[in-house]
Amino acid sequence: MSRVVARGPGRVNLIGEHTDYNDGLALPFAIDRGVTVTAEPLARGGRIEARALDLGEEDEFALDDPASATGWRAFVRGTVAELRAAGHAVRPCRIAIEGDLPHGSGLSSSAALEAALCLALLEDDDVDRVELAKLCSRVENDHVGARTGLLDQLAVLCGQDGQALRIDFRDLAIEPVPLELGDWRLVTLDSGASHEHAAGSYNERRAECAAACEALGIDSLRDAVSAEGLPAPLEGRVRHVLTENARVDAMAVALAAGDLARAGPLLRESHASLRDDYEASVPEVERAVVALERAGATGARMVGGGFGGSVLALFPPGATPPDGCVSVAPGPAARRL
Ligand code: GLA
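As the structure is a computational prediction, the values presented were derived from the model and not from experiment.

### What about the packing of aromatic side chains?
Part 1: Considering all chains together, one arrives at 1 aromatic pair under this definition.
Part 2: Ring geometry for Tyr 21 versus Tyr 202: centroids 5.6 Å apart, planes at 70°, classification edge-to-face. With Tyr 21 in the loop between strand E1 (4-13) and strand E2 (25-26) and Tyr 202 in helix H5 (residues 200-216), this residue pair connects regions lying 181 residues apart in the sequence. Considered together, Tyr 21 and Tyr 202 belong to a single accessibility category, that of buried residues.
Part 3: Cation over ring: Arg 237 sits above Tyr 278, and NZ or CZ is 6.0 Å from the ring centre.

Here it is in structure tokens:
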């Protein structure tokens, strides 16, 4: 194996938040910004040397004993451990990581890093992408300690240029939906509040969804028909999941019809539901939403796990997004360069 350079894109979830781990629906796309991993083979030593160029930090560990670690090191060690556990040969190499996707901004720098690491380390990158997404998810769940779902990894590994992906997490069916913006613009604005999935609130929401399933006597909230009668806060959590799944399908229909005027109100409704029913917002995110709507966005909502991170907004032709906004559009999946 000679030098391999792999790129993992970040992702924006157009709509369908906190639905993935409830066997629901989402509509994400891969974006241009992401993480690049370069792997240079080492002739001997049975070790991995890794450098996070943006942080100026290093790591080194034995291939056959990638003991656990924290921060970015947990991703590298976890990826090596999971690739080997899945039967892939990983050669000794020197890895360099760099990116243009701020960590904690809600655009999935984690999945971007996992995907780029896998594609850089695999001997042959012609592997099943859904299986690879599951492997990346195990890195996050079992090595990093964040009980995240499969949304980010599927978006990053299966994204398509110009398309959003309607993902049904019950059977992992993925259906591309053209996202043609014309003179409209989708932008993200960093709220300035960083979020950490490994921290409590995300895992707490998952536990609440599991508790709601137990109260309703069902295996997953996809099987729920109504939130009525559940105690607070479970009623709101279930109502969010039910209404959000419906909004994903409404958005897919609107996009297929090229009806971007319908998209803004759906983004607004999704945000209100995440704020009021799912209680996943923070003041910085609310301020960003207000600033975007004042500037003329037809809809704005938090993206990703919430509790900080970025806000996504849709601007009609002629409107000018405020300073700090970055345009986003669907780009290609993770790949070797
Ligand atoms: C994070 C997680 C995803 C998903 C979203 C919320 O991005 O990594 O699995 O749960 O939050 O939709």
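Now that the structure has been shown, the text picks up again.
### A closer look at the state of the cysteines
Part 1: Evaluated as defined, the whole model comprises 0 disulfides.
Part 2: Counting only cysteine sulfurs, Cys 209 is the nearest neighbor of Cys 213, a cysteine outside any disulfide, at a range of 7.1 Å.

### Quick notes on unusual backbone geometry
Part 1: Cis peptide bonds are those with omega within 30 degrees of zero, and the linkage from Ala 232 to Pro 233 qualifies with 0°.
Part 2: Examined against the element boundaries, Pro 233 turns out to sit in the loop between H5 and helix H6 (234-256).
Part 3: Of note, His 18 is a non-glycine position whose phi angle comes to about 60°, a positive value.
Part 4: Looking at where His 18 falls in the secondary structure, it is placed in the loop between E1 and E2.
Part 5: Assessed through its relative accessible area of 4%, His 18 is described here as buried.

### Let's talk about the environment of Thr 38
Part 1: Within the element layout of this structure, Thr 38 appears in strand E3 (residues 28-41).
Part 2: Relative accessible area serves as the criterion here: at 10%, Thr 38 is assigned to the buried category.
Part 3: For the pair Thr 38 and Ile 48, spaced 10 residues apart in sequence, the C-alpha to C-alpha distance is 12 Å.
Part 4: Every residue in contact with Thr 38, bar those within four places of it in the chain, is listed here: Arg 3, Val 4, Val 5, Arg 94, Ile 95 and Ala 96.

Reading the values: the criteria
- Residues numbered from 1 in each chain as written.
- Predicted model: local features only at pLDDT ≥ 70, side-chain atom pairs only at ≥ 80, totals over all residues.
- Heavy atoms only, no water.
- Phe/Tyr/Trp six-rings, centres within 6.5 Å; stacked < 30°, edge-to-face > 60°.
- Helix = DSSP H or I, 4+ residues; strand = E, 2+ residues; numbered from the N terminus.
- Buried < 20%, exposed > 50% of the residue type's maximum accessible area, 1.4 Å probe, protein only.
- Lys NZ or Arg CZ within 6 Å of the ring centre and 35° of its normal.
- Disulfide = S-S within 2.5 Å.
- Contact = heavy atoms within 4.5 Å.

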